[in-house]
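The primary structure of each chain is shown beneath.
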Amino acid sequence: MDSSMTAENNTEHSACRISCDSEFLRKSATFSGVSPEVIKLFAYLSSRRSFKAGDYLIAQGEKANQAFFVVKGTVEITVHHRNKEIVLQELEAHAFFGELALLAKFQWFFNARAKDDLEVIVIDQKTFQKVIEKFPESKDLLTERVIQARVDRLVQQTAFMIDTFLDPEADKSSAAIV
Amino acid sequence: MADTDITKRSLFYWVYNRYRGLQVLLLVIIVVSLFFRVFPLEMQRRIINVAINLKMIDKLYLYCVLYMGAVLIAGLLKYLTNTMQMMIGQKILIGMRKELYQHILQLPLPFFHRTQTGTIISALTAELTAIATFLGGALAVPITSILTFFTFLGFMIYLNPLLGLLTMLIYPFEMAVIPLLQRWYNKYNRKRVATTRTLASVVNESVTGIHEVQGNASYILEQGKLDRLVKKIYSLMTKLFIFKYGIKFSNNLFQSIGPFLLFLIGGYMAIHGEFTIGALVAFLSAYEKVYDPWKEVIEYYQSYQDARVRYKQIMTLFAYQPEFLLEPLEKREVFNLKGEISATNLNYWVNDSVQLLQDISFQIKPGNHVALVGFSGSGKSTLSLLLSQLYRISSGSLKIDNHEISDLTKRDLARNVANVAQHPFIFTGTVRDNLLYASNTLQKDGLIEAIPSPQEQMEMIREVGLEEDTLRWGLRSVIPLEKAAQMRESFLKMREVIHHELRNEFTQAIEFYDAHTFLHHQPIATNLIFGTYGGAYHVDKFITNQQFRSFLSTTGLEKKLLDLGLIIARSTIEFLGDFRADEYFFQGSPMSQARFDHYEALVKRAAKIEFDQLKSKELESFLQLALDFTPGIHKIHTLNKQFEDDILRGRSQFLKQVADIDLDECRDGAIQTAILPISDIEKQARTTTSYTPFCFNQYLFNRTLRDNILFGTVINQELIREKLGTLALEVFKKHGLLDDIMEIGLDFHVGSKGDNLSGGQKQKLALARAFLKHAPILIMDEATASLDNRSQARIQNYIETRLRGNTTVIAVVHRLDMISGYDHIIVMKDGKIVEAGNYQNLIEQQGVLYGLVNDS
Ligand SMILES: Nc1ncnc2c1ncn2[C@@H]1O[C@H](COP(=O)(O)OP(=O)(O)O)[C@@H](O)[C@H]1O
Ligand SMILES: [Mg+2]
């Protein structure tokens, strides 16, 4: 029953592999203007992963070494604080998160949790380093993009928190204690 | 058997007291064989003097036959006696080694602190073996040699008394010279034995400390230590051989004087007709024969000296007495002690000069829990070792239930005291072997009726917090055939639980082996045969399998696969051409980096000529790529739906035609029993060609338990680790299946000295081993030091609840926040007790303990 569904899912995205994934990455803000060769290499070295609602992609405190592009579904970014899990942000298709893991070694300071059926493209740190090594001319642009993504995220999350702070009633559902 | 102290026995003690019957038999056989050695000489004389001289052909035949017969029998008897000698030697050696090993195991600890392990090993192995060769013939050889010697001598005197006595003149000279040379030989031999031992110790030490050696790359340093010894041994050996062959040379020299006298005097007598030619020939033969036993005596003498030197050195090494008796002198039952412990004015010195403990007195009621605390080096470990009879007090008194500890036997202690050392030792073997180490001994000695049941074992594993580790060990193991066959049902039930109850949760993490589904995370080859073939996957097994190959060609799949292989080769070469130097980029292709150049040349060739004009080896290269291609991992190519369907059709055909299995039955689990009977599987598993299909009711004997339960490919490791692993275990527990995994985990091999375990796991295992003994007294020396906080608390909790009131606990405790749960606290400093009492009082006193607690 279920398995046949998964099988179809698999064939659906396996129909175009590198080209589909490059197409997807090319459309993301992070890769706009990056040479198609580089994007293609990323597409080749990345992998797709699916999750179900409630599954954790990132767990606070674990070693960070992967970044994610949302292909389908919604991700919740949360933090553990005083024994509660608080939702900071929701990310939809084409969002890019975990980006800092490509540049630095640290432990995750937040969680990422699937809100519904989720599909992501995963790029790991080593891949990023290897590609940059082969295409040094792309290094500055890519690094800048990663930092830009981080800044955008910070701005959005701050806004989200201030909203919740100013109007606690409005968003009770998403900032709910889990 | 407990006659005299083993180390005081002489070398000949073993000869006189062991296998006397066999040795007498040996002697008899040798005496008999003597006759057959002299007899041919008499025949020689008669052949010449009688048969030839008197020209009697029939006598000639007779004597010749008798001569040959006697020589043959003598040879056979020699063969028999040699074998018997060896056998007797080895038999004596067995006993010697056994008794000596028992003796060594019981020696006091200080002996082991002084003595290098390598020395003990070399003494017990090579050195003893060398002695055995001597022991076998220790009695028979000298007796027979001397007998033979005099027999031939007698024969010679019988032929001609004057000549006979003359030729004997040389032997007294030899008897003076040879022992002189031998004494020098012995001196160097002693040095050699000692140096060889040092060599063994050096090797043993660097092997034991291999972490340190490799960590510091101190190879040259360690090599240097060895080189010095090797050089020394070389120079000693050279000297040894100079003397050894010196003895041989002098012997030969003296021997050649004999014939000289014989020819001179015997020839003279023969010319003057006082001696027959026949007698002269027989005399010459006898002279040569007399040399044999003489040579044997010399050799015997040499090997006796050699063995004596070695033996003495071995026995001196171990010439210590066990400090405690194993069993009481007067027969009595092993005590069942209550666990009351008292010390009065106890002192302990080492080497009669350094005092480690001074004037220790305390009183512990049965069932009380006592913490020993104090500065490091204050004597806590020493005290705990005295309590377990590992050391012996120098003066004062140390009692358990009013028995002086020194009066108790080792068995009493073994029954009543459990012990956990600071760095516990884990033996090579399984987790279970270690867990039951103490219980097994008690059971062998008849001190407990039965070893703890599997239920109790698992209970204890849980108590010390090893449950998860044990489950992991269980899941990781490839279970031996018999065991797997026995427990198959239970493992298949787990598979069913995953596939039926937890299917939804697992679909994201596992690609199940579904007979009707193309497996994206398995190579095409596995997709086709839908099973495992000869253990780990390797494409060569498929390429070289004729049955598989003919299946591919008759179904037309081969052509499709060759095309696929070519496409993959082309796109890999095109895509990775610029990155060919870096292996990392090959992760998305079935082509290995090492084969890139090979395929590049092949693709070029394939572009020039027709595909089917390629050599079959070349075609195989393409086939290999296609069979290895795993769509879920190798992004270099995308399979279309139609190709997947072709593979699925191929799978169905393969199962039907080659394996004779119906795909639907396979999938639904209608195939109820193992497709092969267990005996066949066993046979096949030993060859490399066992095939096991992925049928739902089929246990995969050459895969891990985890693979068998999940019955699919893990595609999201994190999900399993983070969430699904725990979930599955919970459900298994609900079904009562968990113990079966534990059971397998208990058979996990801990590696040499437990090297496959972490420090914490070793410590927990040692704790479980001690707890499982259920002894009335438990002694722990910083037994939880290498555990994390949670595990420490868990153990502490076990002690405080399960052992309260029924076990006297003496624990050296390093974490002062743990001691409030103890009834009594003894604070030590510089080998003395500086404070004792209950926690509350000591804290209120604001004395030493107060200071310690507030410092930390
Ligand atoms: N065989 C020995 N010979 C000489 N000194 C020893 C010997 N064994 C232990 N010691 C010394 O005895 C003291 C007490 O050791 P120990 O009982 O291990 O202390 P603790 O367990 O309290 O840290 C230490 O100073 C140690 O160096
Ligand atoms: Mg100590």
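These figures come from a predicted structure and were not determined experimentally.

**Student:** Explain the overall build of chain A here, please?
**Tutor:** What chain A contains, in helices and strands, is five helices and eight strands. Walking chain A from its N terminus toward its C terminus, one meets helices and strands in the order α-α-α-β-β-β-β-β-β-β-β-α-α. Taking all 178 residues of chain A together, 48% fall into the buried category. Pairs at least 24 residues apart make up 76% of the contacts formed inside chain A by residues separated by at least 6 positions. Surface accessibility of chain A: about 9,100 Å² in total, with carbon and sulfur atoms responsible for 55%.

**Student:** Looking at this structure, how should I read the sheet that holds strand β5 (residues 403-404) of chain B?
**Tutor:** Note: strands within a sheet are paired through backbone hydrogen bonds, in either parallel or antiparallel orientation. Residue and element names in this part refer to chain B. One open sheet accounts for four strands, arranged β2-β1-β4-β5; its pairing is antiparallel. On the outer flanks of this sheet lie β2 (354-364) and β5, each paired with one strand and no other. Inspection of the sheet shows strand β1 (residues 341-350) paired to strand β4 (residues 395-400) by five bridges, in the antiparallel sense. Note on β4: the bridge partner recorded for Asn 347 is Ser 395.

**Student:** Looking at this structure, I do not really get the pairing of strand β4 (residues 75-81) of chain A. What am I missing?
**Tutor:** As a general feature of sheets, a regular strand has side chains that alternate between the two faces. Residue and element names in this part refer to chain A. With five of its seven residues buried, β4 lies for the most part within the structure. Here β4 pairs with strand β7 (residues 111-114) via four bridges, running antiparallel. Among the inter-strand pairings, Glu 76 is bridged to a residue of β7, identified as Arg 113.

**Student:** Explain the domain arrangement of chain B here, please?
**Tutor:** One widely used convention gives an interface's size as the accessible area the parts lose upon coming together. With domains assigned, chain B is organised as domain 1 (11-160 + 275-322), domain 2 (161-271), domain 3 (341-429 + 760-855) and domain 4 (514-695). On a C-alpha basis, the centres of domain 3 of chain B and domain 4 of chain B stand 63 Å from each other.

**Student:** Which parts of the structure should I look at to understand the site of ligand 1?
**Tutor:** Residue and element names in this part refer to chain B. Every residue near ligand 1 is listed here: Val 350, Leu 356, Phe 375, Ser 376, Gly 377, Ser 378, Gly 379, Lys 380, Ser 381 and Thr 382. For ligand 1, an oxygen atom lies 2.8 Å from a polar atom in the backbone of Lys 380. Between ligand 1 and the protein, one listed contact pairs an oxygen atom with a side-chain N or O atom of Thr 382 at 2.4 Å. Relative to its free-state accessible area of 570 Å², ligand 1 is covered by the protein chains to the extent of 59%. It is helix α12 (residues 380-387) that contributes the most residues to the shell around ligand 1, three residues altogether.

**Student:** Which parts of the structure should I look at to understand the nonpolar core?
**Tutor:** For soluble globular proteins, nonpolar side chains are generally found buried alongside one another. With 101 residues, the main nonpolar core has Leu 57 and Phe 97 of chain A together with Phe 506, Phe 732, Phe 771, Met 780 and Ile 819 of chain B as its most contacted residues. Of all the elements, helix α18 (residues 481-501) of chain B adds the most residues to this core, at seven residues. In this structure, Phe 732 of chain B is in contact with Met 494, Val 497, Ile 498, Ile 709, Leu 737, Leu 738 and Ile 741 of chain B, ignoring residues within four places of it in sequence.

**Student:** What exactly am I supposed to notice about the pattern of salt bridges here?
**Tutor:** Two side chains that carry opposite charge are able to pair once their charged atoms sit near each other. Throughout the structure, instances matching the rule amount to 48 salt bridges over all chains. Among the salt bridges present, the one from Glu 42 of chain B reaches Arg 46 of chain B, with a minimum N-O distance of 3.0 Å. Taken together, the positions of Glu 42 of chain B and Arg 46 of chain B, both in helix α2 (residues 20-52) and four residues apart, correspond to about one turn of that helix. Of the charged contacts, one joins Lys 617 of chain B and Glu 620 of chain B as a salt bridge, the two residues approaching to 3.4 Å between their closest N and O atoms. Linking Lys 617 of chain B with Glu 620 of chain B, this pair stays in helix α25 (residues 616-628), spanning three residues, or about one helical turn. Residue classification places Glu 620 of chain B among the buried positions, given a relative accessible area of 18%. Several salt bridges share partner residues, and in doing so they unite Asp 21, Arg 48, Lys 72 and Glu 119 of chain A together with Lys 635 of chain B into one network.

What counts, and where the lines are drawn
- Residues numbered from 1 in each chain as written.
- Chains lettered and ligands numbered in written order.
- Predicted model: local features only at pLDDT ≥ 70, side-chain atom pairs only at ≥ 80, totals over all residues.
- Heavy atoms only, no water.
- Helix = DSSP H or I, 4+ residues; strand = E, 2+ residues; numbered from the N terminus.
- Buried < 20%, exposed > 50% of the residue type's maximum accessible area, 1.4 Å probe, protein only.
- Contact = heavy atoms within 4.5 Å.
- Areas by Shrake-Rupley, 256 points an atom, 1.4 Å probe, with all protein chains shown as cover.
- Pairing = 2+ DSSP bridges.
- Domains from an automatic or database assignment.
- Near = heavy atom within 4 Å.
- Polar contact = N/O pair within 3.5 Å; in protein donor to acceptor, adjacent residues only side chain to side chain.
- Core = buried A, V, L, I, M, F, W, Y, C linked by side-chain atoms within 4.5 Å.
- Salt bridge = Lys/Arg side-chain N within 4 Å of Asp/Glu carboxyl O.

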